[in-house]
Structure formats: structure tokens, C-alpha cells
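Structural description and commentary
Listed here are the chains, written in short residue letters.
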Amino acid sequence: MEDFLRDIKLIEDARGKLVVFENGNNCPFEVKRAYCIFGVKEGEERGFHAHKNLEQIAVCLSGSCEFILDDGKEQKTFALNSPKKGLYIGNNYWRVMKNFSKDCVLLVLASQHYDQSDYIRNYKEFLTYTKNAAK
Ligand code: TYD
């Protein structure tokens, strides 16, 4: 599995911090949707799904969390603990998010509008889908 962590320039001065995402620059897709996950209760885990046609970049603007990506063959855990690192997630990755710190603010940029039918929420179904998609 490739290393999906991408560098993000952090612009920091006496007033605070700023990060920029720009299509074609540090964001390889046109952003159609952005959402934030925050206020996650201690011990809660999220995700447990894959997408057939969705690219995303996840960046922890504050605090930390872990992202586990699974391509059906191997799993890799990414520690997101800095706004300087964005996790690029392509199609067909089963993802689990866990170990959220109390102050975690996770920004996710997405290449498509929200579409329920793009989700695979069953792990067995994901394994079958991803095996066939790889052919
Ligand atoms: P869900 O995908 O289960 O969150 P997670 O990936 O963190 O496990 O989404 C939680 C709820 O929010 C679900 O009811 C769908 C809704 N939702 C939207 O309406 N639009 C969105 O863009 C997203 C990501 C979720």
C-alpha cells in the first residue's frame, strides 16, 4: 500500500494558523464537499465503510486521531496529529477512524457530493467488490 500522507503548508504567525487546499496544487481533485468530524466521545470509532467512487483528503486541524485504511489485502494505520499532514484516500478503501482526542477536529475534503449509494458498509461485500474492481 502506498504512503498516502501528503505535506500541507502551514502558514503560521503571531495571530495563529492557516492551511490552504487548492485544486491542482496540493489537492488532486475538485472539491465538491467538505465536512468536519469533531466532539467525538472517548472510545468511539467511526467509519466502517468504503466508497466506490470518492476521493478524499482528511486532515486533523486540531488534536489527533488514527485512520486505518484497508485495501482488502493489507491494513495500514496512519496517525493524524498535525495540520501539516493530509491523508489522501482514493476509491475502494475500507476505513476506520479511532482514538480521537477530545479536541480533535478532522476536516475532510471530498471529490463528490454525498451519495448513500456510493457507500459499501458491509466488509464482506467490500472484499468481493474490491477483488472484482482490481481485475
Ligand atoms: P457517516 O458516514 O456514518 O460518518 P462516519 O464516516 O464518520 O462514520 O455519517 C454520519 C451521518 O451523517 C449519516 O447519517 C450520514 C450523514 N452525512 C451527510 O448527510 N453528509 C455527509 O457528507 C456525510 C459525510 C455524512
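Before going into details, it helps to say that this report is about the structure given with it. Bear in mind that the values here come from a model prediction, so they are computed numbers and not experimental data. (Residues numbered from 1 in each chain as written. Predicted model: local features only at pLDDT ≥ 70, side-chain atom pairs only at ≥ 80, totals over all residues. Heavy atoms only, no water.)

As a further point, take the site of the ligand. In the neighbourhood of the ligand, the contacting residues comprise Arg33, Tyr35, Ile37, Arg46, Gly47, His49, Met97, Tyr114, Tyr119 and Arg121. Note that an oxygen atom of the ligand is positioned 2.6 Å from one of the side-chain N or O atoms of Arg46. Contact between the ligand and Gly47: an oxygen atom at 2.8 Å from a main-chain N or O atom of the residue. Contributing elements (two or more residues each) for the shell around the ligand: strand 4 (33-38) and strand 5 (46-51). Residues of the shell around the ligand, tallied by class, amount to 5 nonpolar, 2 polar and 3 charged. (Near = heavy atom within 4 Å. Polar contact = N/O pair within 3.5 Å; in protein donor to acceptor, adjacent residues only side chain to side chain. Helix = DSSP H or I, 4+ residues; strand = E, 2+ residues; numbered from the N terminus. Nonpolar A, V, L, I, M, F, W, Y, C, P; charged D, E, K, R; others polar.)

A few words now on the packing of aromatic side chains. Taken as a whole and assessed by the stated rule, the structure comprises 6 aromatic pairs. A centroid spacing of 5.8 Å and a plane angle of 70 degrees characterise the contact between Tyr114 and Tyr119, whose relative ring orientation is edge-to-face. Judged by relative accessible area, which is 46%, Tyr114 ranks as partly exposed. Look at Tyr119 and you get buried, because its relative accessible area is 17%. Aromatic pair Tyr123 and Phe126: ring centres 5.7 Å apart, planes at 40 degrees, arrangement tilted. With Tyr123 and Phe126 both in helix 1 (residues 123-134) and 3 residues apart, the pair spans about one turn of that helix. For Phe126, a relative accessible area of 0% gives the class buried. Taken together through their ring pairs, the aromatic side chains of Phe4, Tyr88 and Tyr93 make up a single cluster. Stacked on the ring of Tyr88, the Lys or Arg Arg6 has its end atom at 4.6 Å from the ring centre. (Phe/Tyr/Trp six-rings, centres within 6.5 Å; stacked < 30°, edge-to-face > 60°. Buried < 20%, exposed > 50% of the residue type's maximum accessible area, 1.4 Å probe, protein only. Lys NZ or Arg CZ within 6 Å of the ring centre and 35° of its normal.)

Once that is clear, we can look at the sheet that holds strand 10 (residues 94-98). Reading across the sheet, the 5 strands line up as 8-7-10-5-12 and stay open at both edges, with antiparallel pairing between neighbours. With partners counted over all chains shown, the strands left at the sheet margins are strand 8 (75-80) and strand 12 (119-120), one partner each. (Pairing = 2+ DSSP bridges.)

Next up on the list: helix 1. Taking 1.5 Å of rise per residue, the 12 residues of helix 1 would be expected to cover 16 Å, and the 16 Å separating its terminal C-alpha atoms lies within 8% of that figure. Residue Asn122 occupies the N-cap position of helix 1, its side-chain oxygen lying 3.0 Å from the main-chain nitrogen of Lys124. (Expected span 1.5 Å × (residues − 1).)

This part covers a nonpolar patch on the surface. Taken together, the side chains of Ile11, Leu18 and Val20 make up a nonpolar region of the molecular surface, amounting to roughly 230 Å² of accessible area. Position of Leu18 among the secondary structure elements: in strand 3 (residues 16-19). Using a relative accessible area of 46% as the deciding quantity, one classes Leu18 as partly exposed. (Patch = residues over 30% accessible without salt bridge, like charges linked within 9 Å, V, L, I, M, F, W, Y side chains within 5 Å. Areas by Shrake-Rupley, 256 points an atom, 1.4 Å probe, with all protein chains shown as cover. Salt bridge = Lys/Arg side-chain N within 4 Å of Asp/Glu carboxyl O.)

This brings us to the environment of Tyr119. The residue Tyr119 is located in strand 12 in this model. C-alpha of Tyr119 to C-alpha of Asn53: the two residues are 66 residues apart in sequence and 8.8 Å apart in space. Those residues in contact with Tyr119 that lie beyond four places of it in its chain are His49, Ala50, His51 and Tyr114. (Contact = heavy atoms within 4.5 Å.)

With that out of the way, let us pick up the side chain of Arg95. The residue Arg95 is located in strand 10 in this model. Of the polar contacts made by the side chain of Arg95, one reaches the side chain of Gln56; its length is 2.7 Å. A polar contact is formed between the side chain of Arg95 and the backbone oxygen of Tyr93, at a distance of 3.1 Å. If sequence neighbours within four positions are ignored, Arg95 has contacts with Arg46, Gly47, Phe48, His49, Ala50, His51, Gln56, Phe67, Ile68, Leu69, Ile89 and Gly90.

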